[in-house]
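# Observations on the model geometry
For reference, the chains in residue letters:
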Amino acid sequence: MSIRPIPGTVDRATVTMPRAVLGLGLAVIVVGVITAAPHAHSVLDHAGGAMLVFLITMAAGSLLQVRLPSGELISPVAQAIAIGMAFGSQMAGVGSLSYRSEGVIVASAAGLIVGTLLLTAWTRRSQPSALVAARLVSVAVAAVLYRTVPIFHGSTALERYPEWSSSRWRMTLVMFAIGLVAAAVELVLATAVTTRERSFKQALIEGGVAAGPVSLAVVSTGIAIALGLAPLGLLSIVLMVCPLVLLRFTILQEASVRLTRRQTIAALSRLTEVAGYTPPGHSHRVAMLSVRVGRSLRLPERDLVVLEDAALLHDIGQVYLSEPIPGGATVEAAPRDQDSIASEGADIVRRTKALDDVAAVMEAQATQFRLVREHGDQVPLASRIIKVCNAYDDLTRGDSARRSEAIERLYLGLGYEYDPEVLEALVGVVEGISGRPD
Amino acid sequence: MPDELQRRHTSWGDRFGHPTRFFDGAWAYVVTLAVALGALLAALLLQDPRLPSWQIVGPLAVLAVLGEWNRLVVRHGSTNVSLTSVMLAASVALAGPLGAAIVGAAAHGLVPVRRAPVARAFNTVMTGLLGLAGGLVYVGCGGRVLAHHQLDELGLFLHCLLPLVVSTVAIFLLNVLCVGGMLSITTGASLGQSLRSMISLVWLSYLWYGLVGFLFAVLWGPARLGVVSVLVMVAPLLLAQSSLAQRNAEREVHQRTIESLIAAVEARDPIMHGHSARVAAAAGVIGDELRLSPRRAEALQFAALLHDIGLVGPRPRSAAGQHHLSTAERQRIRQHPDRGVEMLREIDFLAESVAAIRHHHERWDGHGFPSGLAGDEIPLLARIIAVADAYCALITPRLDRDTMSQQATLTAIRARAGGQFDPACVDALVAGQQRVQRVTQDLLGTADAPIVAGLDHDLPEISDQMAFGSAARA
């Protein structure tokens, strides 16, 4: 039996470079503990209670982890509280908060680790510890820049806090600058953790576009927590974090609506099968295979989603054919019919007024590769993938016994009909599939 | 319809035609509200003639105008995270009743967007009134205006946060009342229904406005950030706003995806052509008449669009003009509700839609299929679809008999109230007959070839054949 794709879960593949980041995080913790130890006594006397509250709220905030539509896993609430602690300067009832950056590092390490353990226990799934390490390093950067490095003519930003009490906006801008540096550090580390073979620069840009606005919101919230400590005391943590909790809620809702929509597409893609145009299971198999081929060709996450939808719907245009194709296999159809199926299907999808990128991929799914070569036609990689995967499934009908025969047949069209690069990737993928027990 | 209300909840007149006569019901209403606002303002000023400081009110008003501009222009009114409401709450705490009235009125009065004069006047007066009333409630509940008082942590909690939450609830109720009144004057919508649906849609957001307005005020005043507090607060709010807008857009895409895929597949079958879209439109009107909640109305739309999905597929050939079911055809019809449910199984769908699809061929008298449910045992949405289905089957022009008039169709359906159909749903169809006629005729007009021959399983006589066998027809 073939493996069914679960629509909407184009999950991140196994991580490859997390060890270095994890090591960096551990190194930061060790240095933090060693340097913090001599001062522990005085700090705990002075602001021990506040640090404990930060630690507990961070651990609780870790439970509010969320996955962005683009696939990034973030922990906005815990991160914002940690940044709030790094920037904490003055607190109602305590006066100035003079704990050092080492204290911030140790407390946030404890908070984030406890939070991750809780999350693991709660979801019963292991959490990517390298991502937690990346978050911790980012907090350490913010704390050190704010509390330890003398960036203002020999004095640290923290020491400037009381002086600038009448022009608080300057402090706010300084915090923003430091917070953005810390966010950039986290972005680079997190990208290093989650990128597979794909180009690092490309992944960095994508990650920045996808997670940038949320990072900005996290930094802002951290600043709001820190500045709110003066009038509100520790209540500031709980209250200032609320907009971020709302944000997480809306992101979850957005994701669930999107998931339902994609499930709908997956269910409705079977309409052509039920109506007798295509063989059972065809669109699901093509979609699953296309996504795997797309992933091995390092297609970005966003494009994989479009590819999956387009592959699910690729045969919907057959409903406009005057006579069903025998067996529904478009690989046997005349090129003109293939093109008209493609463009009819794209028209249907275009009527949704929002899936134009899916329609564009469907439109070009029948274009022969020689046109790309000879005329330099712009054919999206996703379309070329669907063309190859569709042909492969038409020839095998989901039966791996016909695999070598089908691949042989595809090689006959290599370069003329099919993109050699895609075909090579397909061969790699299907040989991987048959190699594992089903 | 629910979407319309959702978009209109904080203001009125953003996206549809307005009365143009100089003095009509709408203007009279606006003038009444303005008189109320003026009287309250005068009373307040007589008691305490101090004006709020412009250094606070000025920037707050500018921000409120920007928030309103963002809502109308950038988001096209498609969001329910209203920055203006947040600014209004913040100005209640920072500047008191008078300041909040100025900020509120400025937001709608000065927003640089072309609007009908009556809409602008109404919204300006209303938000001014909201700010003033919110401020009075705030002070009445022990709230301290932060511009004049220094508060410690506990004081901020007791004398700012709590009164502000009460005040935003009051603002919300007054808002809903004002907009509901305007809707009932201009569109004749029942005040009670508008109130109920607006309250169920947005009450939660107002607690948020109170809380976020408080955070704004604290950063602005006690934390001494002033205008810079906007920098600190704006990112999470804008992001939540855009994420919600994204969600709404995604919902519409979902519905349109279903519509266009269904339409494409139906196009092959002359009897089914455009059928689902018409049933969805007719069911929508019946649902409105029955005062369905927005959530159930949405579930009804999905169910109506997808109710015959189990029928897609090769149809046994049947000659035009044939009136009796072959055994194969009978079998296919009997199975299609369950087949449809089976196809939709993998979608995390509104559970109510699935139940409606499964039971849309049940009969009120218990002789339907697949489960033979009777009366109230049949899910309401399924009963609605049954009526809409039969209506659409009857009014579709057919080759083998004269087109039935609207009146004849309604008479035929009314004759079956209590037999095949739920009498309440039939009444709702009759009550909304003009709208039903309009929406279905619009869709029939756009379909390419609606003239149909062959057997339509949704015709009432087929339901009788399925229920009582063909002998019953004679």
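Residues numbered from 1 in each chain as written. Chains lettered and ligands numbered in written order. Predicted model: local features only at pLDDT ≥ 70, side-chain atom pairs only at ≥ 80, totals over all residues. Heavy atoms only, no water.

If you check an unreviewed UniProt entry, chain B appears there as HD domain-containing protein from Leekyejoonella antrihumi.

### Focus: the overall build of chain A
Helix and strand counts for chain A stand at 19 helices and 4 strands. In chain A, buried positions account for 57% of the 438 residues. In chain A, once contacts between residues fewer than 6 apart in sequence are set aside, the share between residues at least 24 apart is 71%. Of the roughly 18,100 Å² of accessible surface on chain A, 61% is carried by carbon and sulfur atoms. (Helix = DSSP H or I, 4+ residues; strand = E, 2+ residues; numbered from the N terminus. Buried < 20%, exposed > 50% of the residue type's maximum accessible area, 1.4 Å probe, protein only. Contact = heavy atoms within 4.5 Å. Areas by Shrake-Rupley, 256 points an atom, 1.4 Å probe, with all protein chains shown as cover.)

### Considerations on the overall build of chain B
In terms of regular secondary structure, chain B is built from 17 helices and 0 strands. Residue burial in chain B is summarised as follows: out of 474 residues, 55% are buried. Considering only residue pairs separated by 6 or more positions, chain B has 74% of its internal contacts joining residues 24 or more positions apart.

### With respect to helix α18 (residues 403-412) of chain A
All names here are of chain A. Taken residue by residue, α18 has R403, A406, I407 and L410 as its buried positions. For α18, the angular spread of the buried residues around the axis is 100 degrees, confining them to a single face. Exposed residues on α18 whose side chains face more than 90 degrees from its buried face are S404, E405, E408 and L412. (Arc of directions from axis to C-beta.)

### Digging into the packing of aromatic side chains
Residues and elements named next belong to chain A. Summed over all chains, the structure comprises 3 aromatic pairs over all chains. When the centroid spacing of 5.4 Å and the interplanar angle of 75 degrees are considered together, the rings of F152 and W164 count as edge-to-face. With F152 in the loop between α5 (129-147) and α6 (157-160) and W164 in the loop between α6 and α7 (168-194), the pair connects residues that are 12 residues apart, well separated along the chain. Here F152 and W164 have matching classes, each one buried. One cation-aromatic arrangement involves R168 over Y161; the distance from NZ or CZ to the ring centre is 4.1 Å. (Phe/Tyr/Trp six-rings, centres within 6.5 Å; stacked < 30°, edge-to-face > 60°. Lys NZ or Arg CZ within 6 Å of the ring centre and 35° of its normal.)

### Looking at the confidence of the model for chain A
Per-residue pLDDT for chain A has a mean of 83; in total, 92% of the residues score no lower than 70. Predicted confidence is poor over residues 1-15 of chain A, with pLDDT under 50, and the contacts of this stretch with residues over four places away or in other chains come to 42 contacts. (pLDDT = per-residue confidence, 0-100.)

### Here we look at the interface of chain A and chain B
Contacts between the two partners involve 59 residues from chain A, matched on the other side by 53 residues from chain B. Summing both partners gives a buried area of about 5,200 Å² for chain A against chain B, and 73% of it is carried by carbon and sulfur. On the surface where chain A and chain B come into contact, there are 2 salt bridges. The salt bridge involving R258(A) is made with E250(B); its shortest N-O contact spans 3.3 Å. Our enumeration of links across chain A and chain B arrives at 7 residue pairs in polar contact (both at pLDDT 80 or more). Of all the elements in the fold, those that place two or more residues in the side of chain A that touches chain B are α7, α8 (200-232), α9 (235-240), α10 (242-268) and α11 (271-274) of chain A. (Buried area = accessible area lost by both parts, 1.4 Å probe. Salt bridge = Lys/Arg side-chain N within 4 Å of Asp/Glu carboxyl O. Polar contact = N/O pair within 3.5 Å; in protein donor to acceptor, adjacent residues only side chain to side chain.)

### Some thoughts on the nonpolar core
Residues F54(A), F87(A), Y146(A), M175(A), F214(B) and L219(B) are the most contacted members of the largest nonpolar core, which totals 129 residues. In terms of residue count, the dominant contributor to this core is helix α4 (residues 83-109) of chain B (15 residues). For Y146(A), the residues in contact, after removing those within four places along its chain, are A86(A), F87(A), S89(A), T156(A), A157(A), L158(A), Y161(A), M171(A), M175(A) and I178(A). V388(A), A425(A), V312(B) and I357(B) belong to the second largest nonpolar core, which has 111 residues in total. (Core = buried A, V, L, I, M, F, W, Y, C linked by side-chain atoms within 4.5 Å.)

### Side note on the side chain of E186(A)
Residue and element names in this part refer to chain A. Along the chain, E186 turns up in helix α7. For the buried E186, no salt bridge is present, and the opposite-charge side chain at shortest range is R135, 4.1 Å distant. If we skip the residues at most four places from it in the chain, E186 touches Q79, A134, R135 and S138. (Lys, Arg positive; Asp, Glu negative; His and termini not counted.)

### What about the side chain of E250(B)?
Along the chain, the position of E250(B) falls in helix α8 (residues 229-266). Among the polar contacts listed, one links the side chain of E250(B) to the side chain of R258(A), at a separation of 3.3 Å. Once you skip the residues sitting within four places of it in the chain, E250(B) turns out to touch V257(A), R258(A) and R261(A).

### Concerning a nonpolar patch on the surface
Residue and element names in this part refer to chain B. Taken together, the side chains of V169, L173, I199, W203, L204 and L207 present a nonpolar region at the surface, about 500 Å² in accessible area. For the nonpolar patch, the elements supplying multiple residues, two or more each, are α6 (153-186) and α7 (191-220). Ranked by the residues each element gives to the nonpolar patch, the list is headed by α7, at 4 residues. Here W203 falls in the partly exposed class, since its relative accessible area comes to 45%. (Patch = residues over 30% accessible without salt bridge, like charges linked within 9 Å, V, L, I, M, F, W, Y side chains within 5 Å.)

### A look at the packing of helix α13 (residues 380-395) of chain B against helix α14 (residues 406-414) of chain B
All names here are of chain B. Viewed as axis vectors pointing N to C, α13 and α14 meet at an angle of 140 degrees, and their least axial separation amounts to 10 Å. Judged by the inter-axis angle, α13 sits oblique to α14. The element α13 and its partner α14 pack so that their crossing is right-handed. Facing V387, A390, Y391, L394 and I395 of α13, the residues of α14 in contact are Q406, T409, L410, A412 and I413. Across the contact of α13 with α14, the residue classes tally to 8 nonpolar, 2 polar and no charged. (Axes fitted to C-alpha atoms, helices over the stretch in contact; angles between N-to-C directions. Parallel < 35°, antiparallel > 145°, perpendicular 65-115°, else oblique. Left-handed = near helix turned anticlockwise from the far one by under 90°. Nonpolar A, V, L, I, M, F, W, Y, C, P; charged D, E, K, R; others polar.)

### So, the environment of D356(A)
Residues and elements named next belong to chain A. Structurally, the position occupied by D356 is in helix α15 (residues 356-363). Residue D356 is classed as partly exposed on the basis of its relative accessible area, which comes to 43%. Between the C-alpha atoms of D356 and A346, which are 10 residues apart in sequence, the distance is 8.4 Å.

### Focus on the UniProt feature "transmembrane region" (unreviewed entry) in chain B
Residue and element names in this part refer to chain B. UniProt's feature table lists "transmembrane region" (unreviewed entry) at residues 26-46, 53-74, 86-110, 122-141, 161-186, 198-220 and 226-245, given in the numbering used throughout. Taken end to end, residues 53-74 has its terminal C-alpha atoms 31 Å apart, with 95% of it in helix and 0% in strand. Across residues 86-110 one finds 96% helix and 0% strand; the C-alpha atoms that close the span lie 18 Å apart. (UniProt positions renumbered as here; feature names shortened; annotations may be inferred.)

### Remarks on the environment of R350(A)
Residues and elements named next belong to chain A. With respect to the secondary-structure elements, R350 resides in helix α14 (residues 335-350). Its relative accessible area of 30% is what places R350 among the partly exposed residues. Taking the C-alpha atoms as reference, R350 lies 8.7 Å from A360; in sequence the two are 10 residues apart. Excluding its chain neighbours within four sequence positions, the residues that come into contact with R350 are D356, A359, A360 and E363. A distance of 2.8 Å separates the side chain of R350 from the side chain of E363, its partner in a polar contact.

### Remarks on the confidence of the model for chain B
For any part of a model where pLDDT is low, the fine detail of the predicted coordinates should not be relied upon. All names here are of chain B. Mean pLDDT over chain B: 81, with 85% of residues reaching 70 or higher. When the criterion is pLDDT under 50, residues 1-9 qualifies, and its contacts beyond four places in sequence or with other chains add up to 28 contacts. Predicted confidence is poor over residues 14-23, with pLDDT under 50, and the contacts of this stretch with residues over four places away or in other chains come to 22 contacts.

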